[in-house]
Amino acid sequence: MMALTALFACSGAGSKDDAQTDGDTTPTEEADGGADADGGADADGGPEDDADWMTIRSRVQVELYTTNSSGSRQFLSWEDAVGPAGEFPFGSIFVSATVPNEDGTQQYIAQHTVTRPRTDGDYYRLKIDPDVTASAYIFATLDVRADGIVGSEEPIGLHPDPIEVEAYLEHTEADLVVLVDWDRWGPGGWGWQDVGGYVPPRDTDGDGDIDEDDGGCDLVSVAGDVRITVPYAGGNGKVMLLDRSGGGPYQMDDFTPIPNGSGATASYNMGVCAWAGEMQIVAAFDSNGNGLIDPDDLWGAYVSEPGVDGNPLNIEDYRQSDINVDIPIGGGGPAVSVVPFVHLQGTVFSERTATFSGLVEEVVEGMAVYVVALRYPPTPDMDVASFSEAYDFEVWDSPDLGDQSSLSWDLIVPANTIVYLWAFLDADGDGLVNEVREPVAADTSGPDAISTGEEGRSDIGLGLTAF
């Protein structure tokens, strides 16, 4: 299967447009670029020769949902959630363009941060060098806790298809929607109960077995110095506790670097859950000046000796000092595991006949098969035009169907969310599906959605049959 992995690799090869906008910026001003965090300078401090770079300019919108008693998602309007004049209750939105590396990781090539999002959406702008890549994936992640970190379980929205990169072109058809569970992240939601957002696995009695979480923990101190070993031009930082897979942060501690000529230094003292076991101590500072700790910043880690990553650190029930951190370690890429998207793959086929044509009395013009990853449960008599608002979909019209027995499909969806995965046959070619007696197929036997996880799924069979 083609699941994409978690880590990003930073690179100086692509665009560092780093545009930032806030809720007071008009759409026209944002479309013209907003404020460039790096001042339009390249890595050498000179002006960028980006006249032929492609510009992606579109909108990013946060959408809310709740879950009803049957477990299905229901759309929630911003007016119903916060009132007609209510303010956006979450943090910044980080938009990024990435390309896959040969090892399956994602390489960052451009970013834009909406620092003060609005409930009705915002524009973003990315500039991409056509000499760096022929195509790029676009995704957005929301700092839902407004804690200043793009964490491993933040809500994500994406453009499902790679965008072809062409010199001088402006691309405006890459709108992004980030879905947020209001039951979890609205006022009083259950997501606010965990310290730092996540509770690490813990062996509270030291017997080597992970104990059941009781919703709290005793804290012990992990402390040391932070050493930035490259030229430092500003930006506060955070030391963070991650699990061995890069999940988290579970706890964090802010630091303000003090320049020392060759770099900068700071100190930290972070309370962490006792008996957390083997965890990672990492750190980053806001090197791109967008107000977030994100994959584009410079990252480091606890070092057993200068320049040598000492993780994982075994956390028991006592204070550990001299847990020093160097920034950067290796290439300075991010330690937090942010999996933006995964693949769902499989086949669609006729459940009761040998071919798709056997599902209808006659093959008519416009007959088509759709496989769709929906954000919300399907409704009767759905217009196929609404699939443009789904996470992703594939379609095969009547010339493609013929006497085929099955079709292979591959959809790209956000990681760590749920989707409603359905197949439909538009038997009469009227552009409506899920009509009475029209064949459909679902990945589940009921209305519940499936979890995408961090690895995606393959070999999913969708057998079309009339209900």
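Draft legend 1. Expanded view of the overall build of the protein chain. Assigned secondary structure in the protein chain consists of four helices and 33 strands. Considering only contacts within the protein chain whose residues lie at least 6 apart along the sequence, 71% involve residues at least 24 apart. Surface accessibility of the protein chain: about 20,100 Å² in total, with carbon and sulfur atoms responsible for 46%.

Draft legend 2. Inspection of the pairing of strand S20 (residues 298-305) at higher detail. Two strands pair when backbone bridges link them, and strand S19 (residues 277-285) and S20 are joined in this way by four bridges, in the antiparallel orientation. Counted as the bridge partner of Phe285 is Leu298 from S20. The pairing of S20 with strand S23 (residues 325-327) spans two bridges and is antiparallel. Along S23, the bridge assignment pairs Tyr302 with Val325. Direction of pairing for S20 relative to strand S21 (residues 308-309): antiparallel, over a ladder of two bridges. Bridge pairing in S21 links Val303 to Asp309. Linkage of S20 to S21, two consecutive antiparallel strands, is achieved through a turn of two residues, within which Gly307 is found at a positive phi near 80 degrees.

Draft legend 3. Layout of the sheet that holds strand S28 (residues 406-414). What the three strands build is an open sheet, ordered S28-S24-S33; its pairing is mixed. Where the open sheet ends on each side, the last strands, each with one partner, are S28 and strand S33 (457-464). For this sheet the average axis-to-axis angle between neighbouring strands, irrespective of direction, equals 30 degrees. Looking at chain direction, strand S24 (residues 341-350) and S28 are connected through nine bridges and run antiparallel. The residue of S28 that forms the bridge with Leu344 is Leu411.

Draft legend 4. Structural detail: the layout of surface pockets. The computed volume of the second largest pocket comes to approximately 470 Å³. If you trace the second largest pocket, you find 21 residues lining it, with Arg375, Phe387, Ser388, Glu389 and Ala390 closest to the centre. Of the residues that constitute the lining of the second largest pocket, the class distribution is 12 nonpolar, three polar and six charged.

Draft legend 5. The arrangement of the side chain of Ser350 in detail. Looking at the element boundaries, Ser350 is found in strand S24. Separated by 2.4 Å, the side chains of Ser350 and Thr353 make a polar contact. Once you skip the residues sitting within four places of it in the chain, Ser350 turns out to touch Thr355, Phe356, Leu359, Ser405 and Leu464.

Draft legend 6. Representation of unusual backbone geometry within the structure. In this chain, Asn311 is followed by Pro312 through a cis amide linkage whose omega measures 5 degrees. Structurally, Pro312 is set in the loop between S21 and strand S22 (313-315). The omega angle of the peptide bond from Ile327 to Pro328 is 5 degrees, so this bond is cis rather than trans. The residue Pro328 is located in the loop between S23 and S24 in this model.

Draft legend 7. Expanded view of the packing of aromatic side chains. Tallied over the full model, the rule gives 11 aromatic pairs. Between the aromatic rings of Phe75 and Tyr376, the centroid separation amounts to 6.5 Å while the plane-to-plane angle is 80 degrees, which identifies the pairing as edge-to-face. Pair noted here: Phe75 is in strand S5 (residues 73-76) and Tyr376 is in the loop between strand S25 (368-374) and strand S26 (382-383), with a separation of 301 residues, a long-range link. With a centroid separation of 5.9 Å and 15 degrees between ring planes, the pair formed by Trp422 and Phe424 is classed as stacked. You can call Trp422 buried: its relative accessible area is 17%. In this structure Phe424 comes out as buried when scored by relative accessible area, which is 0%.

Draft legend 8. Looking closely at the environment of Pro328. For the pair formed by Pro328 and Trp299, sequence separation is 29 residues and the distance between their alpha carbons is 5.3 Å. Not counting chain neighbours up to four residues away, the residues in contact with Pro328 comprise Thr229, Val230, Leu298, Trp299 and Gly300.

Draft legend 9. The pattern of salt bridges, seen in detail. Applying the stated criterion across every chain, the model contains seven salt bridges. One salt bridge connects Asp50 with Lys127, and the closest N-O pair in it is separated by 3.1 Å. Separated by 77 residues along the polypeptide, Asp50 in the loop between strand S3 (35-36) and strand S4 (54-67) and Lys127 in strand S8 (residues 122-128) bring together distant segments of the chain. Residue Lys127 is classed as buried on the basis of its relative accessible area, which comes to 14%. Across the salt bridge formed by Asp254 and Lys238, the nearest N and O atoms sit 2.6 Å from each other. Taken together, the residues span a long stretch of sequence, with Asp254 in strand S16 (residues 251-255) and Lys238 in strand S15 (residues 237-242) at a distance of 16 residues. Residue classification places Lys238 among the buried positions, given a relative accessible area of 12%.

Draft legend 10. Region of the structure containing the confidence of the model for the protein chain. Averaged over all residues, the pLDDT of the protein chain equals 84, while 83% of them reach at least 70. Scored below 50 in pLDDT, residues 1-19 makes 85 contacts in the model with residues more than four places away or belonging to other chains. Scored below 50 in pLDDT, residues 23-47 shows 41 contacts in the model against residues more than four places distant or in partner chains.

Draft legend 11. Layout of the environment of Tyr250. Within the secondary structure, Tyr250 is located in the loop between S15 and S16. Each C-alpha atom, one on Tyr250 and one on Val272, is 8.1 Å from the other, the two residues being 22 residues apart in sequence.

Draft legend 12. Focus on the environment of Ile329. Within the fold, Ile329 resides in the loop between S23 and S24. Judged by relative accessible area, which is 17%, Ile329 ranks as buried. Along the sequence, Ile329 and Val282 sit 47 residues apart, while their C-alpha atoms lie 9.7 Å from each other. In this view, Ile329 contacts Trp299, Gly300, Ala301, Val303, Gly307, Val308 and Asp309; residues no more than four positions away in its chain are not counted.

Parameters at a glance
Residues numbered from 1 in each chain as written. Predicted model: local features only at pLDDT ≥ 70, side-chain atom pairs only at ≥ 80, totals over all residues. Heavy atoms only, no water. Helix = DSSP H or I, 4+ residues; strand = E, 2+ residues; numbered from the N terminus. Contact = heavy atoms within 4.5 Å. Areas by Shrake-Rupley, 256 points an atom, 1.4 Å probe, with all protein chains shown as cover. Pairing = 2+ DSSP bridges. Axes fitted to C-alpha atoms, helices over the stretch in contact; angles between N-to-C directions. 1 Å grid on protein atoms, 1.4 Å probe; cavity = no way out; pocket = protein on both sides within 12 Å on 5 of 7 lines; lining within 4 Å. Points joined across faces, edges and corners; volume = space filled by probe spheres on them. Nonpolar A, V, L, I, M, F, W, Y, C, P; charged D, E, K, R; others polar. Polar contact = N/O pair within 3.5 Å; in protein donor to acceptor, adjacent residues only side chain to side chain. Phe/Tyr/Trp six-rings, centres within 6.5 Å; stacked < 30°, edge-to-face > 60°. Buried < 20%, exposed > 50% of the residue type's maximum accessible area, 1.4 Å probe, protein only. Salt bridge = Lys/Arg side-chain N within 4 Å of Asp/Glu carboxyl O. pLDDT = per-residue confidence, 0-100.

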